[in-house]
Structure formats: structure tokens, C-alpha cells
Amino acid sequence: MSTDSTRPEGITPSQTVGPFFHYGLTPGTAYPHVPVSADGHVAAAGTPGERIVLTGRVFDGAGEPVPDAMLEIWQADSDGRYAHPGDGRARQSNSFMGFGRSDTRADGTYRFETVKPGKVPGPGGREQAPHILVAVFGRGMLKQLFTRAYFEDEAANASDPILALVPEARRGTLIAKRHGDTYTLDIRLQGEGETVFFAV
Amino acid sequence: MALILPTDSTAAHPPSLHPAYTSTVLRAPQQPLILVPHTLTELTGPVYGHGKVRDTDADLTVQHAGEPLGERIIITGRVLDEDGRPVPHALVELWQANAAGRYVHVRDQHPAPLDPNFTGAGRYLTGEDGRYRFTTIRPGAYPWRNHHNAWRPAHIHFSVFGPSFLSRLVTQMYFPGDPLFPFDPIFNGIPDERARERLIARFDLETTQPEWALGYQFDIVLRGREATPMEEPHEH
Ligand SMILES: [Fe+2]
């Protein structure tokens, strides 16, 4: 245990990711000198589970697309297990990390290729419906916002303990619509249809 | 998992809406955030291993054929949790402007020269002691269009992964004594002066290498503490 004399006076505060994060965090192929820590390819070929695309657009309070946001996602594997020591259960695939990062294009589009997560344990022994945790960063955002993506074709949404805390009229902002293997979820930072963001 | 993430410490962060930083005005939510318990989803997060990061990722002065122009500096510090315990295996990413205040980014319009020997991006994976260390050059201040004659104080962007997705931090490190501090709405978006000061690196003669580079210390404190048996991880 640390002593009081070494205990920090507080956490390091957040600052915006700014407009120029791309070459540091989402270099893609545009900045070949920069190594890629994470990108939109979340699940490698052969990862067990149903392959899906999660995509959508980010909009500001004027309804304009946000071309300089960055989304990060964190999810369980298809069995609902996290690649983290905090989830001690054995996993089918050790190569699936469950973390992805996507910038937004000029039209505000983000995109992840992944596998659909399974149900995961929730508070009080209740199960959570399959979901993906989403953090939104951007120019003009002094700290990240947290939201979740659920899937419209999951019956478990009806008993999900986190969705239950969201006023019914706003739950739809968290539920991705399915077309084939693509789930679409737009993120509205402000105004009409504003996405539900969580205090966590 | 014995990790807890108290929410009171997040008061150190700036609010989403800080009108002096004009881009926040249309990008800050207007609805209240919805308080939810921390589940396994929030209490876990990506784990990076060795092998992902190369030695040259931490030295931004050796990534090209020649040496970049500017004042060579060393930045080192520890990644800690709220109790002051080191966070090992934390991925630290940084990116910055060159000595002239110009980013290599394709959208940077500032009419200052690019440096063919400087990209300005680096990574480090902390050791067991939570320490990271970068060699780079001191970035220049640069103008932006937030208001008339707006200039950002010299800064380095940091991105840090801690033990959970909620520990994730993106921030900026500043240099001591910058005359631009009083005029910068991003820095001053942090309400508490002492919290703002935590973003200012400390010049350190011990880190300074004779006839080579000035040294700075910058510790990064992430959300998260070890739970004691008296604390219940799922309640706020
Ligand atoms: Fe910057």
C-alpha cells in the first residue's frame, strides 16, 4: 500500500484530442512512419462468432456531420467474455482483443469490423444484453463521452439492467439497426435525438 | 477484480461545455448524463503486451534519416493510479507539433515549415514501475482560429490506457512558465487551478543529460483504485 505522502492529490485532467490526432492515433496508411496501435479491424479472420460491421455517422448540435471525431470501442467476444484479467473465465480465442478505434470521415462516418458480442454478466447477477461500449473523442470535446451500442434484434434488450435506467423515449439512441450483417448507429452529440451518454 | 473507479475524482476534468472554447458549443450534450453502475464492461479494457511497441517508437529524434531541428528534450514520468501505485504495461501514445509549431497532419494550414526529419508521434509501454520515457524535441506554439490572435501554449498530446476502459485518458502536457496559459481556453477549461497545474511538466536537472537534452518529469494519474474489503465495487 502507498502512504499518504505518495498519494496523488488528484487525477490528471482530460484535454481535447484536438483536430490533428490522426497521424498519432489513427494513422492508417496515410502516415506510414507511425505504428498502428488499434484500428477499425477489431476481429481477425477466423475469430469465433458472427461477423458484423458497426457503422454510423457522428453529428453535432446543428445536425452537421463531425469530420474530426474518434470513436473507441470495447467489447466482449462472442461468448460474452472480456480479454482482461478482470474477467477470469477461459476464452475460445486468445487473439480477440475486443478493442477498436476509428476516426470519422468528412461525412462523419465511423466503421468497425468485428464479431457480435455475447451476453455479459451484469450487476446483481443479472445478465446484460449484448452490447459494445463506445467512447467518443473529438475536436471541441474536452473529455470523452461514453455511450453503448445495443443490437435491435436481441430479445435480451428488454431485460438489460443498463437500458432499464434510460428513459424509454431515449433508448432508441443506443440501439443499432440491422441491415444484413451491418448494424448502423448514428451518434448525435447534441440536440434533437441526442444520444444517451453515461456518467460512469 | 479488485478495481474500483470512484466517480468523484472525475471532477478534475473540464466540463463538456466551455463556451470560451467555441467548438464545444455544438458538441457538448445538453441532456444530463445518465448515471449507471460499473459492470464488467466498464471495469475491463484493452491490455497491450510487449512486442507491440518498438524501441524507436519512444525516440522521436531517430525516426528519419536525419535529426529533427529544435531543442532536444527528454520527457519521463510514471503512470499511477489514484492511490499512487504504478500502472504497469500501460500504453502511452503521444503526438506533437515540430519545433516551428507545425503538425505533419495534412489538414494543418499553419504557414510554418515542416521538418522532413520529424513526424512527431511516439509510443511507450510502461514497465513494472509504471515509468515511461520519450526523447523528442520541444514543440513550438501555434495559432488557431478560436478567437482573434489565438495561440496554443506549447504542448504535447498524450493518450494513455490504464487498467480499465474508464481509466482511458487523452490529455495534453504543457511546459513550465508558458506566457500563453492565461489566454488558452483549452487549458483553462479545467476549472480547478491545481488540476490545471498537474498538466504542466516539471523541469528536472537529474533527467537532463549533460551536453545532450533538457529533462522534464510528467506523472500521469489515472482513474482507479484497489478496492478494500469494505468497499463495494458496484455502488456509487
Ligand atoms: Fe495540439
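Participant: What is the right way to read the packing of aromatic side chains from this model?
Facilitator: For any two aromatic rings, the description comes down to two numbers: the centre-to-centre distance and the angle of the planes. In the structure shown here, the tally under the stated rule is 22 aromatic pairs over all chains. A ring pair is formed by Phe-99 of chain A and Phe-165 of chain B, whose centres lie 6.4 Å apart and whose planes are at 65 degrees; its orientation type is edge-to-face. With Phe-99 of chain A in strand E3 (residues 99–103) and Phe-165 of chain B in the loop between strand E9 (155–160) and strand E10 (169–174), this pair bridges two chains. By the burial criterion, Phe-99 of chain A is buried, and Phe-165 of chain B matches it. Measuring from centroid to centroid gives 5.0 Å for Tyr-174 of chain B and Phe-187 of chain B, while their planes differ by 70 degrees, and the two rings are edge-to-face. Of the two residues, Tyr-174 of chain B sits in strand E10 while Phe-187 of chain B sits in the loop between E10 and helix H2 (193–197), which places them 13 residues apart along the sequence. Here Phe-187 of chain B falls in the buried class, since its relative accessible area comes to 5%. Site record: aromatic cluster; members linked through ring pairs are Phe-20, Tyr-23 and Tyr-31 of chain A together with Tyr-103 and Tyr-142 of chain B. When the ring centre of Phe-161 of chain B is taken as reference, the NZ or CZ atom of Arg-168 of chain B above it lies at 4.0 Å.

Participant: Sorry if this is basic, but what is going on with the nonpolar core here?
Facilitator: Across soluble globular proteins, you tend to see nonpolar side chains buried next to one another. Formed by 46 residues in total, the largest nonpolar core has its most connected members in Phe-198 of chain A together with Trp-95 of chain B. Looking at this core, the elements that each hand over two or more residues are helix H1 (22–25), strand E2 (69–75), strand E7 (131–138) and strand E8 (145–151) of chain A together with helix H1 (40–43), strand E4 (91–96) and strand E5 (121–125) of chain B. For this core, the element with the most residues is E7 of chain A, which contributes three residues. Core analysis: the next-biggest nonpolar cluster, separate from the first, contains 40 residues, Leu-142 of chain A together with Val-160, Tyr-174 and Ala-201 of chain B among them.

Participant: I'm lost on the pairing of strand E1 (residues 51–59) of chain A in this one. Help?
Facilitator: Consecutive side chains along a regular strand alternate between the two faces of the sheet. Residue and element names in this part refer to chain A. When you tally the buried positions in E1, you get seven out of nine residues, the bulk of the element. Sheet analysis places E1 next to strand E4 (residues 109–115), joined by seven bridges and oriented antiparallel. In the strand pairing of E4, Leu-54 is matched with Phe-112. Two strands pair when backbone bridges link them, and E1 and strand E10 (residues 182–184) are joined in this way by three bridges, in the parallel orientation. Looking at the pairing, Val-53 lines up with Thr-182 of E10. Bridge count for E1 against strand E11 (residues 187–188) is two bridges, and the pairing is parallel.

Participant: Quick question: what am I supposed to make of the coordination of the iron ion here?
Facilitator: Any two of four tetrahedral donors ideally make an angle of 109.5 degrees at the metal, while pairs among six octahedral donors ideally make 90 or 180 degrees. Residue and element names in this part refer to chain B. The iron ion binds to the protein through Tyr-103 (OH), Tyr-142 (OH), His-155 (NE2) and His-157 (NE2), with metal-donor distances spanning 1.9 to 2.2 Å. For the iron ion, the four donor atoms in the first shell make angles of 92 to 162 degrees at the metal, a pattern classed as irregular. Within one chain, the residues donating to the iron ion are spaced in sequence as Y-x38-Y-x12-H-x1-H. Of this pair, Tyr-103 sits in the loop between E4 and E5 while His-155 is found in strand E9, placing the two residues 52 residues apart along the sequence. Residue Tyr-103 shares its accessibility class with His-155, and that shared class is buried.

Participant: Sorry, what's going on with the interface of chain A and chain B here?
Facilitator: Size of an interface, as often reported, equals the accessible area lost when the parts are brought together. The interface is formed by 79 residues belonging to chain A together with 88 residues belonging to chain B. Summing both partners gives a buried area of about 7,400 Å² for chain A against chain B, and 60% of it is carried by carbon and sulfur. Sorting the residues of chain A by area buried against chain B places Ile-11, Gln-15 and Phe-20 of chain A first, and these three jointly supply 11% of that buried surface. Here chain A is connected to chain B by seven salt bridges. Our enumeration of links across chain A and chain B arrives at 46 residue pairs in polar contact (both at pLDDT 80 or more). If you tally residues by element for the side of chain A that touches chain B, the top one is E7 of chain A, at five residues. Taken together, the residues of the side of chain A that touches chain B sort by class into 46 nonpolar, 20 polar and 13 charged.

Participant: I tried to follow the sheet that holds E5 of chain B on my own but got confused; where do I start?
Facilitator: To summarise the sheet geometry, strands pair through backbone hydrogen bonds and adopt either a parallel or an antiparallel arrangement. All names here are of chain B. Spatially, E5-E4-E9-E10 is the arrangement adopted by the four strands of the open sheet, whose pairing is antiparallel. At either margin of the open sheet sits one strand with a lone partner, and together these are E5 and E10. Each strand axis lies, on average, 25 degrees off the axis of its neighbour in the sheet, ignoring direction. Sheet topology places E9 next to E10; six bridges connect them, and they run antiparallel. When the sheet's bridge partners are listed, Phe-158 is paired in E10 with Thr-171.

Reading guide: rules and limits
- Residues numbered from 1 in each chain as written.
- Chains lettered and ligands numbered in written order.
- Predicted model: local features only at pLDDT ≥ 70, side-chain atom pairs only at ≥ 80, totals over all residues.
- Heavy atoms only, no water.
- Phe/Tyr/Trp six-rings, centres within 6.5 Å; stacked < 30°, edge-to-face > 60°.
- Helix = DSSP H or I, 4+ residues; strand = E, 2+ residues; numbered from the N terminus.
- Buried < 20%, exposed > 50% of the residue type's maximum accessible area, 1.4 Å probe, protein only.
- Lys NZ or Arg CZ within 6 Å of the ring centre and 35° of its normal.
- Core = buried A, V, L, I, M, F, W, Y, C linked by side-chain atoms within 4.5 Å.
- Pairing = 2+ DSSP bridges.
- Donors = N, O, S within 2.8 Å, 3.2 Å for Na, K, Ca; no water.
- Tetrahedral: all angles 85-135°; square planar, octahedral: opposite > 155°, others 65-115°.
- Contact = heavy atoms within 4.5 Å.
- Buried area = accessible area lost by both parts, 1.4 Å probe.
- Salt bridge = Lys/Arg side-chain N within 4 Å of Asp/Glu carboxyl O.
- Polar contact = N/O pair within 3.5 Å; in protein donor to acceptor, adjacent residues only side chain to side chain.
- Nonpolar A, V, L, I, M, F, W, Y, C, P; charged D, E, K, R; others polar.
- Axes fitted to C-alpha atoms, helices over the stretch in contact; angles between N-to-C directions.

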